[in-house]
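The primary structure of each chain is shown beneath.
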Amino acid sequence: MIQTLSKQVGGITYVWFLYRDGRTIQMYHGVTEQWKLDQDVSDSIEEKYTFRRQAKRRMEELITEKQAEGYKQDDIYGMQPGRKERETFRRRTKWLAYLLVGLGLFQFVTPFSLFPILSIGTGTALLLYLRSKHKRKIETIS
């Protein structure tokens, strides 16, 4: 997830980009109008943690620190709440499908039009095969 924090000082916009990928946090500090300044104002920092939870907590701490310094949080690159809910729903339904298939209950919750067609088709093919095999057996006996 990318978080952007920005503040304006004298017509120049200072920006912090914070990116968390699992257990790694990458931070970039820069200025949008670099040509207005005489010095180079850019910095790149990377922090690695043992657990994702630590990285998430540190990311929240960094955001509050920067907000205390006067930066405003712009969540334009982050995940929107509607999309986040859809991703959560999709992930949960995948796990439910895996569970149902693993327990062998998938055929009971599939649409009625799909499962009977498959079972009738397989049953008919098996019946025709066995009938032809049995017919050949009777012909060889007589």
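Keep in mind that what you see is a predicted model, and the values were worked out from it rather than measured. (Residues numbered from 1 in each chain as written. Predicted model: local features only at pLDDT ≥ 70, side-chain atom pairs only at ≥ 80, totals over all residues. Heavy atoms only, no water.)

Asker: Break down the pattern of salt bridges for me, citing the residues and quoting the values.
Answerer: Scanning the entire structure with this criterion turns up six salt bridges. For E47, the salt bridge goes to R58, with nearest N and O atoms at 3.3 Å. Separated by eleven residues along the polypeptide, E47 in strand β4 (residues 43-48) and R58 in helix α1 (residues 52-68) bring together distant segments of the chain. Grouping residues by exposure puts E47 and R58 together as buried. Residues joined in a network through salt bridges with shared partners are E47, R58, E61 and E65. (Salt bridge = Lys/Arg side-chain N within 4 Å of Asp/Glu carboxyl O. Helix = DSSP H or I, 4+ residues; strand = E, 2+ residues; numbered from the N terminus. Buried < 20%, exposed > 50% of the residue type's maximum accessible area, 1.4 Å probe, protein only.)

Asker: How would you sum up the sheet that holds strand β2 (residues 12-21)? Please name residues and give values.
Answerer: Sheets are built from strands that pair by backbone hydrogen bonding, the pairs being arranged parallel or antiparallel. Strand order across the open sheet formed by five strands is β4-β3-β2-β1-β5, with antiparallel pairing between neighbours. Among the strands making up the open sheet, the edge pair consists of β4 and β5 (72-74). Neighbour to neighbour, the strand axes of the sheet diverge by 20° on average, direction disregarded. Direction of pairing for strand β3 (residues 24-31) relative to β4: antiparallel, over a ladder of six bridges. (Pairing = 2+ DSSP bridges. Axes fitted to C-alpha atoms, helices over the stretch in contact; angles between N-to-C directions.)

Asker: Describe the confidence of the model for the protein, listing the residues and the values that go with them.
Answerer: Chain-level statistics for the protein give a pLDDT mean of 76 and a share of 74% at 70 or above. Mean pLDDT across the secondary structure elements of the protein bottoms out at helix α3 (residues 106-109), with 62, and peaks at α1, with 88. (pLDDT = per-residue confidence, 0-100.)

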